[in-house]
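Single-letter residue listing:
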Amino acid sequence: CTVKSKYYSKMQNRYFEMLIPLDRSIYDVNYENMHVADTNKLIDLINKALSMKSNLYGFLDQRINDTHLSQDGKDSFAKFKKDLINKFNSLEEFLRNLKLSISHKKQQKQKQQKQQEDNNLIVNFYAKFKEAYESKDVSAVMAYISDDWSSSSDGTSIDDLEMNLENSFRVFDEIQY
């Protein structure tokens, strides 16, 4: 029984040594203070940990079927494997959720950038329109008016609008928009 006990301790220590990189890569990460750039590092760490899965499972399966171990020793390694399976399942789920979160944040950022670009286009449009209007440049103002423009309420056409602008610009010394 002493030989099996020493053998069990030796195998248990080997298993724990195999877990050290896994534990360091996953449990030493400070998730709360993580920045977006750190998520790529975290994904790499999790993938590295997940790449150890088959070696760890293989080692545990060998111990579970090891004739040099008592039934208690085999049961202990079976429990280690069950715990490890749960740990890996949690890691895989965390990784999926992390990737979804990154994808969602990326889409949100792209949407915000698009909205900002659209807002900038609108602000620039109005700034140029204002400049053309204040400088009494009829053709520049008319360039900002759609060819399909019409005032359905009083029947004014685009040609009427152009004439009204020319008259207004001639009458007033200074125009501010």
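Residues numbered from 1 in each chain as written. Predicted model: local features only at pLDDT ≥ 70, side-chain atom pairs only at ≥ 80, totals over all residues. Heavy atoms only, no water.

Looking at this model, I keep getting lost on the nonpolar core. Mind explaining?
Side chains of nonpolar character tend, in soluble globular proteins, to be buried together. Ranked by size, the top nonpolar core spans 22 residues in total, and within it Tyr-15, Leu-56, Leu-60, Phe-77, Leu-84 and Phe-88 carry the most contacts. When residues of this core are traced back to their parent elements, those giving at least two are helix H1 (2–27), helix H2 (36–51), helix H3 (53–64) and helix H4 (71–134). Ranked by size, the runner-up nonpolar core spans eleven residues in total, among them Val-138, Ile-158, Leu-165 and Phe-169. (Core = buried A, V, L, I, M, F, W, Y, C linked by side-chain atoms within 4.5 Å. Buried < 20%, exposed > 50% of the residue type's maximum accessible area, 1.4 Å probe, protein only. Helix = DSSP H or I, 4+ residues; strand = E, 2+ residues; numbered from the N terminus.)

Quick question: what am I supposed to make of the packing of aromatic side chains here?
Aromatic ring pairs are described here by two measures, namely the spacing of the ring centres and the angle between the planes. Summed over all chains, the structure comprises 13 aromatic pairs. Measuring from centroid to centroid gives 6.4 Å for Tyr-15 and Phe-59, while their planes differ by 5°, and the two rings are stacked. On the criterion of sequence distance, the pair formed by Tyr-15 in helix H1 and Phe-59 in helix H3 is long-range, its members being 44 residues apart. Phe-59 carries the same exposure label as Tyr-15, and that label is buried. (Phe/Tyr/Trp six-rings, centres within 6.5 Å; stacked < 30°, edge-to-face > 60°.)

Looking at this model, I keep getting lost on the packing of H3 against H4. Mind explaining?
Describing two packed helices takes the angle between their axes plus the distance from one axis to the other. With their axes 8 Å apart at the nearest point, H3 and H4 run at an angle of 160° to one another. When the axes of H3 and H4 are compared, the pair comes out roughly antiparallel. Between H3 and H4 lies a crossing of left-handed hand. In this structure, H3 uses Lys-53, Leu-56, Tyr-57, Phe-59, Leu-60, Asp-61, Arg-63 and Ile-64 to contact H4, whose residues at the interface are Lys-74, Phe-77, Ala-78, Phe-80, Lys-81, Leu-84, Ile-85, Phe-88 and Glu-92. Taken together, the residues that form the contact of H3 with H4 break down as eleven nonpolar, no polar and six charged. (Axes fitted to C-alpha atoms, helices over the stretch in contact; angles between N-to-C directions. Parallel < 35°, antiparallel > 145°, perpendicular 65-115°, else oblique. Left-handed = near helix turned anticlockwise from the far one by under 90°. Contact = heavy atoms within 4.5 Å. Nonpolar A, V, L, I, M, F, W, Y, C, P; charged D, E, K, R; others polar.)

Hey, could you run me through helix H6 (residues 158–171) in this one?
Because an α-helix completes one turn every 3.6 residues, residues spaced three or four positions apart along the sequence face the same direction. For H6, with 14 residues, the first-to-last C-alpha span of 20 Å sits near the 20 Å given by 1.5 Å per residue. Along H6, the positions that sit buried rather than exposed are Ile-158, Leu-161, Leu-165 and Phe-169. Each buried residue of H6 lies within a common arc of 65° when the element is viewed along its axis, so the set occupies one face. Turned more than 90 degrees away from the buried face of H6, the exposed residues are Asp-159, Arg-170 and Val-171. Summarising the contacts, the buried residues of H6 are in contact with H4 and helix H5 (138–143). (Expected span 1.5 Å × (residues − 1). Arc of directions from axis to C-beta.)

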